[in-house]
Amino acid sequence: MEIGQSVVFTIPIFGGIPVTTTVVVTWIIMAILTIASLIVTRGWNQVPTGVQNFVETIIDALNSFTKDALGEYWASFAPYLGTVALYLILANTIDLFGLTPPTKDLSATSALAIMSIIVVIIASIKAKGLKGYAKSFFEPMPFFFPMKILDMFTRPLSLAARLFGNIIAAFIIMGLISKVVPIVVPAILSIYFDLFDGALQMVVFVFLTMLYIEEAVE
Amino acid sequence: MNLLAIGAGIAAISGIGAGIGIGIATGKAVEAVSRQPEARGSVMQFLLLGGALSEATAIYGLLVAFLIIFFMKP
Amino acid sequence: MSLINPYTFIFTIINLVVLYLILRKFLFKPVTQFMEERSERIRNSLDEADRKVHEANELKAQYEEILKKADDEGKAIIDRAEKYAKEKAEKIIEEANIEAKAIIERAKEEAETEKIKAMHDLRVSLSHLIIEAASKAIGNISIDDDKIINEVVKEAGASWNK
C-alpha cells in the first residue's frame, strides 16, 4: 500500500512534469461537472420539472445557506462554496466507480485548504479593507497577534489533514476489509465509508470554510 | 520494524480522545435539542463544528501513524 | 518520496480555479439569475392581480352609486308625475263641480222664469175668461179697454198672490 500517488504520464517540458492519478481523476471530475452543468441547464421552463427541479432545489439550498451565514456578501462566495461542494462530493465518492479519490492525496487536499484560506483572506479584505484586515490581527488586543498568525497556519493544516485523513482512513479500511472478506461485506460497508463519510466530509469542509468566511466578513 | 509498528499503534490511540469528545458533544447536543426543539438548526451547526474540531486530534494521530509507517522505514 | 507532490498541488489549484470559473459561468450564475427573475415575475404578477382587484372593487362601488342615483331619480320622477296627475285630477273635478253647479243654477233659473211666465199666461187667460164671463153676465158690452183689464188683472193677481 502506498500513501503517494502513482504517476500516470509525464509532460515533456521543463524537464518533465509528472501527472499523477489525482490530477487525471480531477480532470475527469471536471469534465463530468462541465458536461452535466451544460446538459442540466438546457431548455429550462418557467414551471420546473424533473431534473430542473432537482438542480433548482440544490442551488436554492446553497444560496439560502450562504445568505443566512454571509448576509450581503453571499453572492460573491456562493459559487466558490458550491464548486468546492460539487467537486468534493464527487471526489470523495468516486471510489465507488473504481477510481482513486483525489482527496486521498494530501497534495490535493492541501491545495483545497490553501485556496479556502486565500478566499477567507479575500473576503476579509473585501469587507474591512486592507487596513481593517491588518488591524484585525491585533484585535481584541495586541497580545493576540501571535495566536492569529498561528491560526493562519493551523486552519489550512487542519482542513487539509482532516479531509485527507478521513478519506484515506476509509480507503485503507475498505482495502483491509476487502482483503479479509472479498464479497458482500465490502459492498455494505462502502455505503458508510464511501458514501456517508464522503458526503459528511464534504459538508464539514464547506461548512468550516463558510464559517471562516463568516468570521472574516463580520 | 516491530518498534515502528508499535509506535504507529500508540499514535492511533489518540482516536480514544476524539471518540469520547464527539460522544460528549453529541450527547449534549441531543439534550439541547430535546430541551429546545426549535433551536435544532443552530445546535446542529455547533455540533458539526465541535465534531470536526475534536475529530482533528484523531486525524493528527492517524497522520502521525502514517508518517511513522511510511517515512521511518529503516 | 514526499507526502506532498508540488506539481499535483499546483495542478489541483489550477484545476479548481478553472472548475470554479466554468461552473460559475454555466451553472450558478444562470440558475440563480433564472430563479431570481422568476420570483420577480411572480411578485409582479401578484402585485398586478392585487391592483386589478382593487380597481374592480372601486368600479363596482362606482357603478352601485350610479345605479342608486338612477333609482332615486326614477322614484323622484314618478313621485312628481303622481303629484301632477293628482293635482290635475283635482282641478278637473273642481271645474266639473263648478260647471255642474252653474248648469243646475241655470236650470233652476230657467225653471223659475218658465214658472213666472206660465203664471203670467195663466193670469192673462184667466182674466180674459173672467172678463168674458163678466161681460156675458152684464150684457153685450165689450170691454176692450186694456186699462181696465190690466187693473183687474193686477187686483186679481194681487189677491192670487196672497
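The structure this text deals with has already been given above.
All residue numbers refer to position in the chain's written sequence, counted from 1. The lettering of chains begins at A and the numbering of ligands begins at 1, in the order of writing. Local features are withheld for residues below a pLDDT of 70 in this predicted model, meaning they are given only at 70 or higher, and side-chain atom pairs are given and counted only at 80 or more; totals for whole chains, interfaces and linings count all residues. Each side-chain value is worked out from all heavy atoms of the structure, with water and hydrogens disregarded.

Moving on: the overall build of chain B. Secondary structure is summarised from DSSP: a helix means a run of H or I of at least four residues, a strand means a run of E of at least two, and numbering begins at the N terminus for each. In terms of regular secondary structure, chain B is built from three helices and zero strands. The quantity called the radius of gyration is restricted to C-alpha atoms. Its globule counterpart is 2.2 Å times the number of residues to the power 0.38. Taken over C-alpha atoms, the radius of gyration comes to 17 Å for chain B, far larger than the 11 Å a tight globule of 74 residues would show. Taking all 74 residues of chain B together, the buried fraction comes to 24%. Contacts were defined at the residue level, with two residues in contact if any of their heavy atoms lie within 4.5 Å. In chain B, the proportion of contacts linking residues at least 24 apart, taken out of those at least 6 apart, comes to 77%. Summed over all atoms, the accessible surface of chain B reaches about 4,700 Å², with 74% contributed by carbon and sulfur. Residue burial is assigned from relative accessible area. The probe radius is 1.4 Å, only protein chains are included, and a residue is buried under 20% of its type maximum, exposed over 50%, and partly exposed in between. All accessible areas in this document rest on Shrake-Rupley with a 1.4 Å probe, and a residue is counted as covered only by the protein chains that are shown.

This brings us to the pattern of salt bridges. Take a side-chain nitrogen of Lys or Arg and a carboxyl oxygen of Asp or Glu: if they are within 4 Å of each other, that pair is a salt bridge. By the definition in use, this model includes seven salt bridges over all chains. Of the charged contacts, one joins Arg162(A) and Glu55(B) as a salt bridge, the two residues approaching to 3.9 Å between their closest N and O atoms. Residue Arg162(A) is found in helix α5 (residues 145–180), and its partner Glu55(B) is found in helix α3 (residues 40–71); the two belong to separate chains. By relative accessible area, Glu55(B) is classed as buried at 18%.

So, on to the packing of aromatic side chains. Side-chain rings of Phe, Tyr and Trp, where Trp is taken by its six-membered ring, are said to pair if the distance between their centres is within 6.5 Å; with planes under 30 degrees apart they count as stacked, over 60 as edge-to-face, and otherwise as tilted. In the structure shown here, the tally under the stated rule is six aromatic pairs over all chains. Ring plane angle 70 degrees and centroid distance 6.2 Å describe the contact between Tyr80(A) and Tyr20(C), whose orientation is recorded as edge-to-face. Residue Tyr80(A) is found in helix α3 (residues 74–93), and its partner Tyr20(C) is found in helix α1 (residues 6–138); the two belong to separate chains. The pair Tyr80(A) / Tyr20(C) is uniform in exposure class, with both members buried. Chaining the aromatic ring pairs together yields one cluster made of Tyr192(A), Phe193(A) and Phe196(A). Should the NZ of a Lys or the CZ of an Arg lie within 6 Å of a ring centre and within 35 degrees of the ring normal, that charge is described as sitting over the ring. Over the aromatic face of Trp74(A) sits the side chain of Lys67(A), whose NZ or CZ is 4.6 Å from the ring centroid. Positioned above the aromatic ring of Phe171(A), the side-chain terminus of Lys104(A) is 4.8 Å from the ring centre.

So, on to the nonpolar core. Residues enter a nonpolar core if they are buried and are Ala, Val, Leu, Ile, Met, Phe, Trp, Tyr or Cys, with the set joined through side-chain atoms within 4.5 Å. Judged by nonpolar contacts, the single largest core of 54 residues is most densely connected at Tyr87(A), Leu88(A), Leu112(A) and Ile213(A). Secondary structure elements with two or more residues in this core: α1 (21–40), α2 (50–70), α3, α4 (106–135), α5 and α6 (185–217) of chain A, α3 of chain B together with α1 of chain C. It is α6(A) that contributes the most residues to this core, 11 residues altogether. Once residues lying within four places of it in the same chain are set aside, the contact partners of Leu112(A) are Tyr80(A), Val84(A), Tyr87(A), Leu88(A), Leu163(A), Phe205(A) and Leu16(C).

Turning our eyes to something else, we now look at a negative patch on the surface. Residue and element names in this part refer to chain C. Each patch is built from salt-bridge-free residues with over 30% relative accessible area, joining like charges within 9 Å and nonpolar side chains (Val, Leu, Ile, Met, Phe, Trp, Tyr) within 5 Å. Charged residues are defined narrowly, with Lys and Arg counted positive, Asp and Glu counted negative, and His plus the chain ends left uncounted. Where a charge lies is defined by one atom per residue type, namely NZ (Lys), CZ (Arg), CG (Asp) and CD (Glu). On the surface, a cluster of negative charge is contributed by Glu87, Glu90, Glu94, Glu95 and Glu99. Along the chain, Glu95 falls in helix α1. For Glu95, a relative accessible area of 49% gives the class partly exposed.

Its identity as a non-glycine residue notwithstanding, Val184(A) has a phi of 65 degrees, on the positive side. By secondary structure assignment, the location of Val184(A) is in the loop between α5 and α6.

Attention now goes to the packing of α5(A) against α6(A). Residue and element names in this part refer to chain A. Structural elements are reduced to axes, namely lines fitted to C-alpha atoms, with helices fitted over the stretch in contact, and the angle between N-to-C directions of any two is expressed from 0 to 180 degrees. With their axes 10 Å apart at the nearest point, α5 and α6 run at an angle of 180 degrees to one another. Relative to α6, α5 is oriented roughly antiparallel. Side-chain classes are defined by residue name, with Ala, Val, Leu, Ile, Met, Phe, Trp, Tyr, Cys and Pro counting as nonpolar, Asp, Glu, Lys and Arg as charged, and the others, Gly among them, as polar. Taken together, the residues of the contact of α5 with α6 break down into 14 nonpolar, five polar and five charged. Angle categories are assigned with fixed cut-offs, so that under 35 degrees is roughly parallel, over 145 is roughly antiparallel, 65 to 115 is roughly perpendicular, and the rest are oblique.

Let us now look at the packing of α2(A) against α1(C). In the contact formed by α2(A) and α1(C), the axes pass within 10 Å of each other and the chain directions differ by 95 degrees. Relative to α1(C), the element α2(A) lies roughly perpendicular. From α2(A), Gln52(A), Val55(A), Glu56(A), Ile59(A), Asp60(A), Leu62(A) and Asn63(A) reach across to α1(C), where they touch Leu27(C), Phe28(C), Val31(C), Thr32(C), Phe34(C), Met35(C) and Arg38(C). Residue classes in the contact of α2(A) with α1(C) are distributed as eight nonpolar, three polar and three charged.

A few words on the interface of chain A and chain C. Taken residue by residue, the interface counts 47 residues in chain A and 29 residues in chain C. Across the contact surface, chain A and chain C share one salt bridge. Polar contacts here mean pairs of N or O atoms no more than 3.5 Å apart (in protein, one a potential hydrogen donor and the other a potential acceptor; neighbouring residues in sequence count only if both atoms are side-chain atoms). Counting the contacts that link chain A with chain C gives four residue pairs in polar contact (both at pLDDT 80 or more). Of all the secondary structure elements, the ones that give two or more residues to the side of chain A that touches chain C are β2 (17–20), α1, α2, α3 and α4 of chain A. The dominant element in the side of chain A that touches chain C, judged by the number of residues it contributes, is α1(A), at 10 residues.

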